[in-house]
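# Architecture and fold: a report
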Amino acid sequence: MIFERSALIAKLQERLDGRIGAAELAQWAFDRFYELDQGMLAVDAADIDVIADVLDELLFADDTRFTLDETDVRRLIARLQEP
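Remember, it's a predicted structure, so these values are computed and weren't measured experimentally.

### Some remarks on the nonpolar core
- One finds Phe3, Leu8, Leu12, Ile51, Val54, Leu58 and Leu80 to be the most contacted residues of the largest nonpolar core, which totals 23 residues.
- Where this core is concerned, the elements lending two or more residues are helix H1 (5-16), helix H2 (22-37), helix H3 (48-58) and helix H4 (70-81).
- A per-element tally of this core places H3 first, with five residues.
- Apart from the residues lying within four places of it in its own chain, the contact partners of leucine 8 are Phe3, Trp28, Ile51, Val54, Leu55, Leu58 and Leu80.

### Quick look at the packing of H1 against H2
- As a packed pair, H1 and H2 sit with axes 10 Å apart at the nearest point and diverge in direction by 165°. One finds that H1 runs roughly antiparallel with respect to H2. Pair H1 / H2 crosses with right-handed handedness. Residues Ala7, Leu8, Lys11, Leu12 and Arg15 of H1 lie in contact with H2, whose contacting residues are Ala22, Leu25 and Trp28.
- Here the residues of the contact of H1 with H2 sort into six nonpolar, no polar and two charged.

Analysis parameters
Residues numbered from 1 in each chain as written. Predicted model: local features only at pLDDT ≥ 70, side-chain atom pairs only at ≥ 80, totals over all residues. Heavy atoms only, no water. Core = buried A, V, L, I, M, F, W, Y, C linked by side-chain atoms within 4.5 Å. Buried < 20%, exposed > 50% of the residue type's maximum accessible area, 1.4 Å probe, protein only. Helix = DSSP H or I, 4+ residues; strand = E, 2+ residues; numbered from the N terminus. Contact = heavy atoms within 4.5 Å. Axes fitted to C-alpha atoms, helices over the stretch in contact; angles between N-to-C directions. Parallel < 35°, antiparallel > 145°, perpendicular 65-115°, else oblique. Left-handed = near helix turned anticlockwise from the far one by under 90°. Nonpolar A, V, L, I, M, F, W, Y, C, P; charged D, E, K, R; others polar.

Now the structure itself:
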């Protein structure tokens, strides 16, 4: 299965909309990171760096030291929307 930027953007939008919390977002990011690492998911070569960076930033989104506010989430979405 191919993991696309749009899936990551959709999950970030859920966080912005208040439909999921920081802990759920962090767990989801961890699960995707693990699936990519284990070869259960694939990413287009052009997207690998940005997706890996964003997932890495989200892995600890439930830790108060790394909390992402609305501006941070919007910044990540904008980064994912860049060509």
